[in-house]
Amino acid sequence: MSIPSDWIRALLGGALIGVSASLMLAFNGRVTGISGIVGGLVHPTAGDVVWRALFVTGLVVGGIVAALALPGAFTGASTGIGTALVAGLLVGVGTRVGNGCTSGHGVCGVSRLSVRSIAATLTFISTGALVVLATGGAR
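The numbers attached to residues start from 1 for each chain and follow its sequence in the written order. Confidence filtering applies because this is a predicted model: local features only for residues at pLDDT of at least 70, side-chain atom pairs given and counted only at 80 or more, and all residues used for totals across whole chains, interfaces and linings. Just so you know, side-chain values use all the structure's heavy atoms and leave hydrogens and water out.

Undergrad: Report on the side chain of arginine 52, specifying residues and quantitative values.
TA: Position of arginine 52 among the secondary structure elements: in helix H3 (residues 49–69). Contact between two residues is taken to exist if any of their heavy atoms lie within 4.5 Å; hydrogens are not considered. For arginine 52, the residues in contact, after removing those within four places along its chain, are Arg30, Gly36, Ile37, Gly40 and Leu41. A helix here means a DSSP run of H or I that spans at least four residues, while a strand means a run of E at least two residues long, and both kinds are numbered starting from the N terminus.

Given below as C-alpha cells:
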C-alpha cells in the first residue's frame, strides 16, 4: 500500500506548523496567532514591532518562494478581486469578533486545551462544512 504524496505533504506541513508554533511559544512566550501578530503591527507596542514585522515578512517571502519553487502546488478556484476583497474583509471582521484566527485558536489554543479556542475551532470547521454543503461542495 502506498501513501499518496498529498498525504505526505499535508503531514509534513502540519508538523512544521506545530513545530514553529511550539518554538514561538518556547522562545518568545507568544502564541502564533496571525491576527494577533498583525494586530500588534497595526497598534504597535514599543519594542514589540521588529519580531512581528519579521514574522509577517517571512510569511510573505515564504509564500513567494514556495509559489516560485512549486507553481503546480498552488492551484484552486480563482475568484475576482472583488470577491477576494469582500472575503478578506469578512475574515478580518471574524477574527476580531472571535478574538483570534484559525491559527491562533486551532493550532495554539486547542493544543493548550483552551475551551474558548476549542469552541471557536468547532465553529470554524462547522461553518466551513455548511458553506461547502450550501454551495454544492468542493469541485
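From this point, the discussion proceeds with the structure in view.
Undergrad: Explain the side chain of threonine 95 to me, using residue names and the numbers behind them.
TA: For threonine 95, the location among the structural elements is in helix H4 (residues 81–97). Type-normalised accessible area, obtained with a 1.4 Å probe on protein chains alone, sets the label of each residue: buried when under 20%, exposed when over 50%, and partly exposed for intermediate values. Threonine 95 gets classed as buried once you look at its relative accessible area, which sits at 16%. Residues in contact with threonine 95, not counting those within four places in the same chain, are Ser35, Gly100 and Cys101.

Undergrad: Residue-level account of helix H5 (residues 102–111), with values.
TA: Since the α-helix packs 3.6 residues into each turn, any two residues three or four apart lie on the same face. Along H5, the residues classified as buried are Ser103, Gly104, His105, Cys108 and Gly109. Turning to H5, the residues buried within the fold contact helix H1 (5–28), helix H2 (34–42) and helix H6 (115–134). Leucine 113, located one to two residues past H5, shows a positive phi value of around 60°.

Undergrad: Mind laying out the pattern of salt bridges, listing which residues take part and the relevant values?
TA: When a carboxyl oxygen of Asp or Glu is within 4 Å of a side-chain nitrogen of Lys or Arg, the pair counts as a salt bridge. Under the criterion given, the structure shown has two salt bridges. Several salt bridges share partner residues, and in doing so they unite Arg30, Asp48 and Arg52 into one network.

Undergrad: Lay out unusual backbone geometry in plain terms, naming residues and giving numbers.
TA: Its identity is not glycine, yet asparagine 99 carries a phi of approximately 55°, on the positive side. Within the element layout of this structure, asparagine 99 appears in the loop between H4 and H5. For leucine 113, which is not a glycine, the phi torsion comes out positive at approximately 60°. By the element assignment, leucine 113 lies in the loop between H5 and H6.

Undergrad: Quick rundown of the layout of surface pockets? Include the residues and the values.
TA: Each cavity reported here is a set of points on a 1 Å grid over the protein atoms alone in which a 1.4 Å probe fits but cannot get out, each pocket an open set with protein on both sides within 12 Å along at least five of seven lines, and each lining residue one with an atom within 4 Å of a point. Grid points are joined across faces, edges and corners, and a volume is the space filled by probe spheres set on the points. Volume-wise, the largest pocket comes out at about 370 Å³. Together, 13 residues line the largest pocket, and Leu90, Val91, Gly94, Thr95 and Phe124 are the ones closest to its centre. Every element with two or more residues in the lining of the largest pocket is listed here: H4 and H6. Take the lining of the largest pocket: its biggest share by element is five residues, from H4. Classes in brief: Ala, Val, Leu, Ile, Met, Phe, Trp, Tyr, Cys and Pro nonpolar; Asp, Glu, Lys and Arg charged; the others, Gly included, polar. For the lining of the largest pocket, the per-class residue count stands at five nonpolar, eight polar and no charged.

Undergrad: Talk me through H6; I want residue IDs and the actual numbers.
TA: Taking 1.5 Å of rise per residue, the 20 residues of H6 would be expected to cover 28 Å, and the 28 Å separating its terminal C-alpha atoms lies within 8% of that figure. Ser117, Ala120 and Thr121 are the residues of H6 that are buried. Each buried residue of H6 lies within a common arc of 100° when the element is viewed along its axis, so the set occupies one face. What points out from H6, more than 90 degrees from its buried face, is the exposed set Val115, Leu122, Leu130, Leu133 and Ala134. Of the residues one or two after H6, glycine 136 is the one with positive phi, at around 95°. One fewer than the residue count of a helix, multiplied by 1.5 Å, yields its expected span. The arc refers to the directions leading from the helix axis to the C-beta atoms.

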